[in-house]
Amino acid sequence: MKKVVFCEIAWMKYYSGVSEDDQPVNGGKYVKENREGGEIYNFAPYNHQCYGYVMHRGEELHIERYDKILRDFDEVRDMTVVWVASDGKSSKIVGWYEHATMYRFWQQFYDSLYCGDWRNSYNFVAEEKDCYLIDEKDRSFVVPRAPLAGKGKGMGQSQVWYADSEYAQEEIIPKVIAYLESMKEKCISIYDTIETLSECASDHGETAEELMDQCVKEFSDGTGDLLKSFAYANLAVEKDDCMETRELRGDLYSEIGWYNEAEEEYKTALHQEENLNIMEKLMYIELMMGQTFLAIELGETIRQHKNDENNNWDLTSGNLVFAYIGENEFDKAAFLIAECEKDGDREYGWIEEAKMVLAECRQNIKKK
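Residues numbered from 1 in each chain as written. Predicted model: local features only at pLDDT ≥ 70, side-chain atom pairs only at ≥ 80, totals over all residues. Heavy atoms only, no water.

Trainee: What's the story with the nonpolar core in this structure? I'm lost.
Mentor: Generally speaking, a soluble globular protein has its nonpolar side chains buried in company with each other. Grouped together as the largest cluster of nonpolar side chains are 57 residues, with contacts concentrated most on Val321, Ile325 and Trp350. Take this core: its biggest share by element is eight residues, from helix α8 (residues 276-288). Counting 30 residues, the second largest nonpolar core, distinct from the first, contains Val5, Tyr15, Phe43 and Tyr162. (Core = buried A, V, L, I, M, F, W, Y, C linked by side-chain atoms within 4.5 Å. Buried < 20%, exposed > 50% of the residue type's maximum accessible area, 1.4 Å probe, protein only. Helix = DSSP H or I, 4+ residues; strand = E, 2+ residues; numbered from the N terminus.)

Right, here's the structure in full:
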């Protein structure tokens, strides 16, 4: 059986976050009332991967429908995930993932710790190079609906259709696969390679410091060019491979969510010279990558210098608490929260969120 799943989501142009120019529509009651939904980032790469969300009934996706042996597993790999949305007239294919992993249960990862959204749920994950978003004007493939076409011949009321009927496998899936192949060259590119960001600016004899200043100016300007920022940063590293130039390039990678590359730059910078500020940045990167044990090692080292003038302990302590929670070290998290609550010299904006998350995680452990 060809492992293809159809998922119905709200209609958007880019699925890279909500903006004035891109609002989700035709996504059901929640999307209509809140003007957002879990799918709004389905094509926004995060550390070179796309995390796909679809609202579905019940607590699990029935991956065993592709093979009975999967009854004992919680994930299935090498899936083709076809994203479907309504433009108000019909349900059309808006994009797809290839070679994706499909999870039986909701998956979550840490992000945006201080924005009230510390967990992001997803059902699918795929490498960004295997994710294809069809330009709005080119979306033409209409997916049949079961109420009109018949049972097993199209999507029903559920947002997830496994397309495992004989008719779907023989009549619909081949047409869909052929369509997807024909659209690859027309899709909106969401995939950047390291080579794209490796172009160098023209060398006019500037010093590394001057190049760094140009990089910061370009990047911080609302109308700046990201590629130019990287060009200046790359040339600065070529001029002077030091802690400062490596840190700057790490900052750029971190800003665009290329955490693997940011980690490498920060580690190189620390190897050249120990610096608490860079250590704090590296700790955040490890936390974002789910490497909470490494984040804890860095956080506990920083904690020994929490009163140093250059230590951003207000923020770092929060990262350390969430790292403890991620490793189920709840007592350590509670102790650090209490310690920060007693600290009258600083304001810790993360405390209430952390207490709520800690209580929830402890409750979940008890249920198990």
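Trainee: What should I look at first to understand helix α7 (residues 259-272) in this one?
Mentor: Given 3.6 residues per turn, any residue in an α-helix points the same way as the ones three and four places further on. An ideal rise of 1.5 Å per residue puts 20 Å on 14 residues; α7 measures up with 20 Å between its terminal C-alpha atoms. In this structure, the buried side of α7 is in contact with α6 (243-255) and α8. (Expected span 1.5 Å × (residues − 1). Contact = heavy atoms within 4.5 Å.)

Trainee: Would you mind showing me how to read the pairing of strand β3 (residues 75-86) here?
Mentor: Residues in a regular strand project their side chains so that they alternate between the two faces of the sheet. Burial analysis of β3 places nine of its 12 residues in the buried class, the great majority of the element. One ladder, built from five bridges, connects strand β1 (residues 4-8) with β3; its direction is parallel. Residue pairing across strands places Cys7 opposite Trp83, the latter belonging to β3. (Pairing = 2+ DSSP bridges.)

Trainee: I keep staring at unusual backbone geometry and nothing clicks. Help me out?
Mentor: Excluding glycine, a negative phi dihedral is what most residues carry, and trans is how most peptide bonds are arranged. Although it is not a glycine, Tyr15 sits at a positive phi angle of roughly 50°. Relative to the helices and strands, Tyr15 is located in the loop between β1 and α1 (29-34). Backbone geometry at Asn328 places phi at a positive 60°, although glycine is not the residue there. Structurally, Asn328 is set in the loop between α10 (313-326) and α11 (330-341).

Trainee: Quick question: what am I supposed to make of the pairing of β1 here?
Mentor: For β1, the buried fraction is high: five of the five residues fall into the buried class. The pairing of β1 with strand β7 (residues 160-161) spans two bridges and is antiparallel. Counterpart to Cys7 in the pairing with β7 is Val160.

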